[in-house]
Amino acid sequence: MENCVQTPAQLGQILKARRSILKLTQIKAGKTVGLLPKTISALEITPEGSTILSLFKLLSALDLEIILRPKDFVSENIKNLEW
C-alpha cells in the first residue's frame, strides 16, 4: 500500500485505515509503542495538533514509514521511460 498524503485529514484517514487493516484497536496499537488511545485518536482525527514524535511512534506500530520526494518525482520517472 502506497499513499500520497497532501493534507492532515488524509494522513488521519490513512492511519486509521491501516490500523483497521491490521485489526488493531487504539489500545493495542498504543501499548506497542507507548501511546495512549486518546493520542492515537487525535492522530486519526486531527493530526495537525499532534507531535511529530507521536506520529513516528504510531507509524512504527502500524509498520509504516515516511518517504519524502519531490512532487514531480513520479512524472519525471515516467518521462524517462518514454521512448
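Residues numbered from 1 in each chain as written. Predicted model: local features only at pLDDT ≥ 70, side-chain atom pairs only at ≥ 80, totals over all residues. Heavy atoms only, no water.

## Comments concerning helix α2 (residues 26-33)
All buried positions along α2 are accounted for by Ala29, Gly30 and Val33. Within α2, the buried residues cover an arc of 95° as seen down the axis, which keeps them to one side. Counted as exposed and oriented over 90 degrees from the buried face of α2: Lys28, Lys31 and Thr32. Following α2 by one or two positions, Gly34 has its phi on the positive side, about 80°. (Buried < 20%, exposed > 50% of the residue type's maximum accessible area, 1.4 Å probe, protein only. Helix = DSSP H or I, 4+ residues; strand = E, 2+ residues; numbered from the N terminus. Arc of directions from axis to C-beta.)

## Some details on the pattern of salt bridges
Counting across every chain of the model gives two salt bridges. One salt bridge in this structure joins Glu2 and Arg69, with 3.8 Å as the shortest N-O distance. Here Arg69 lies in the loop between α4 (52-61) and α5 (73-81) and Glu2 lies in the segment before α1 (8-21), a separation of 67 residues in the sequence. Relative accessible area serves as the criterion here: at 41%, Arg69 is assigned to the partly exposed category. (Salt bridge = Lys/Arg side-chain N within 4 Å of Asp/Glu carboxyl O.)

## As for the confidence of the model for the protein
When pLDDT is averaged across the protein, the result is 90; 87% of the residues are at 70 or more. In the model of the protein, α5 stands out as the element of lowest mean pLDDT, 61, in contrast to α4, which has the highest, 98. (pLDDT = per-residue confidence, 0-100.)

## Overview of the nonpolar core
With 11 residues, the main nonpolar core is built from Leu15, Ala29, Val33, Leu35, Ile40, Leu43, Leu55, Leu58, Leu59, Ala61 and Leu62. Elements with a contribution of two residues or more to this core: α2, α3 (37-45) and α4. With four residues, the top contributor of residues to this core is α4. (Core = buried A, V, L, I, M, F, W, Y, C linked by side-chain atoms within 4.5 Å.)

## Details of the environment of Gly49
Following the sequence through the fold, Gly49 ends up in the loop between α3 and α4. Taking relative accessible area as the criterion, Gly49 reaches 67% and is therefore assigned exposed. Put simply, Gly49 and Pro8 are 41 residues apart on the chain and 9.4 Å apart in space, counted from C-alpha to C-alpha.

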